[in-house]
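# Structural description and commentary
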Amino acid sequence: MALYLIEAADMLASVRLAVTAHDATRCIRAETGGRAGGPRPYIIAMTTNAMQGDREMCLEAGMDDYISKPVYLEELQTALERAGQFKPALA
């Protein structure tokens, strides 16, 4: 079961990087968004910022889900299960 959960998400994005996860996500979406039937990575934001509006900023940047740190196993498992249910739309 643990292996299944790890494989469910293509990317867990830490929001505090030199190149922000927001920028990285936008680049990934620009590179993968235009290909019909191509792979679209599922990106889960992981951040210590749990302020109002942070979730919305991550989703607006193109991330698919959001969890805040400290990460609790149940929340991570739920997010990874949602990632496993993700079906990319064909363009």
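Residues numbered from 1 in each chain as written. Predicted model: local features only at pLDDT ≥ 70, side-chain atom pairs only at ≥ 80, totals over all residues. Heavy atoms only, no water.

## With respect to the confidence of the model for the chain
What counts, and what does not: Scored from 0 to 100, pLDDT records how confident the predictor is in each individual residue. Counting from the N terminus, the helices are DSSP H or I runs at least four residues long and the strands are E runs at least two residues long. Contact criterion: two residues are considered in contact whenever any of their non-hydrogen atoms come within 4.5 Å of each other.
Put simply, the chain has an average pLDDT of 74, and 65% of its residues get 70 or more. Per-residue pLDDT, averaged within each element of the chain, yields its smallest value for helix α1 (residues 2–8) (39) and its largest for strand β3 (residues 65–68) (90). The low-confidence segment residues 1–8, where pLDDT is below 50, has 9 contacts with residues more than four positions distant or belonging to other chains.

## Overview of the pairing of strand β2 (residues 43–47)
What counts is decided by this rule: Each residue's exposure class comes from its accessible area (1.4 Å probe, protein chains only) as a fraction of the maximum for that residue type: buried when under 20%, exposed when over 50%, partly exposed otherwise. Two strands pair if DSSP finds at least two bridges between them.
A large share of β2 lies buried, amounting to 5 of its 5 residues. Pairing of β2 with β3 involves 4 bridges; the strand directions are parallel. Each bridged residue has a counterpart across the sheet, and for Ala45 the counterpart in β3 is Tyr66.

## Looking at the pattern of salt bridges
When the charged atoms of two side chains with opposite charge come close together, those side chains can pair. Under the convention used in this document: Any carboxyl oxygen of Asp or Glu within 4 Å of a side-chain nitrogen of Lys or Arg constitutes a salt bridge here.
By the definition in use, this model includes 3 salt bridges. The shortest N-O distance in the salt bridge between Arg29 and Asp64 comes to 2.6 Å. Taken together, the residues Arg29 in helix α2 (residues 21–32) and Asp64 in the loop between α3 (54–60) and β3 connect sequence positions 35 residues apart. A salt bridge links Asp65 to Arg82, with the nearest nitrogen and oxygen atoms 2.7 Å apart. Taken together, the residues Asp65 in strand β3 and Arg82 in helix α4 (residues 73–85) connect sequence positions 17 residues apart. Take Asp65: its relative accessible area is 2%, and that puts it in the buried class.

## Comments concerning the nonpolar core
For soluble globular proteins, nonpolar side chains are generally found buried alongside one another. Selection criterion: Here, nonpolar core means buried Ala, Val, Leu, Ile, Met, Phe, Trp, Tyr and Cys residues that are tied together by side-chain atoms lying within 4.5 Å of each other.
In terms of nonpolar packing, the biggest core is built from 8 residues, these being Tyr42, Ile44, Met46, Ile67, Leu76, Ala79, Leu80 and Ala83. Elements supplying a minimum of two residues to this core: β2 and α4. Ranked by residue count, the leading element in this core is α4, at 4 residues. Apart from the residues lying within four places of it in its own chain, the contact partners of Ile67 are Ile44, Ala45, Met46, Thr47, Glu75, Leu76 and Ala79.

## Digging into the side chain of Thr25
Which entries qualify depends on this criterion: Pairing of N or O atoms within 3.5 Å defines a polar contact, subject to two protein rules: one partner must be a possible hydrogen donor and the other a possible acceptor, and residues neighboring in sequence count only if both atoms are side-chain atoms.
Examined against the element boundaries, Thr25 turns out to sit in helix α2. In this structure the side chain of Thr25 is engaged in a polar contact, spanning 2.7 Å, whose partner is the backbone oxygen of Ala21. Setting aside chain neighbours within four positions, we find Thr25 in contact with Ile43, Ala61, Gly62 and Met63.

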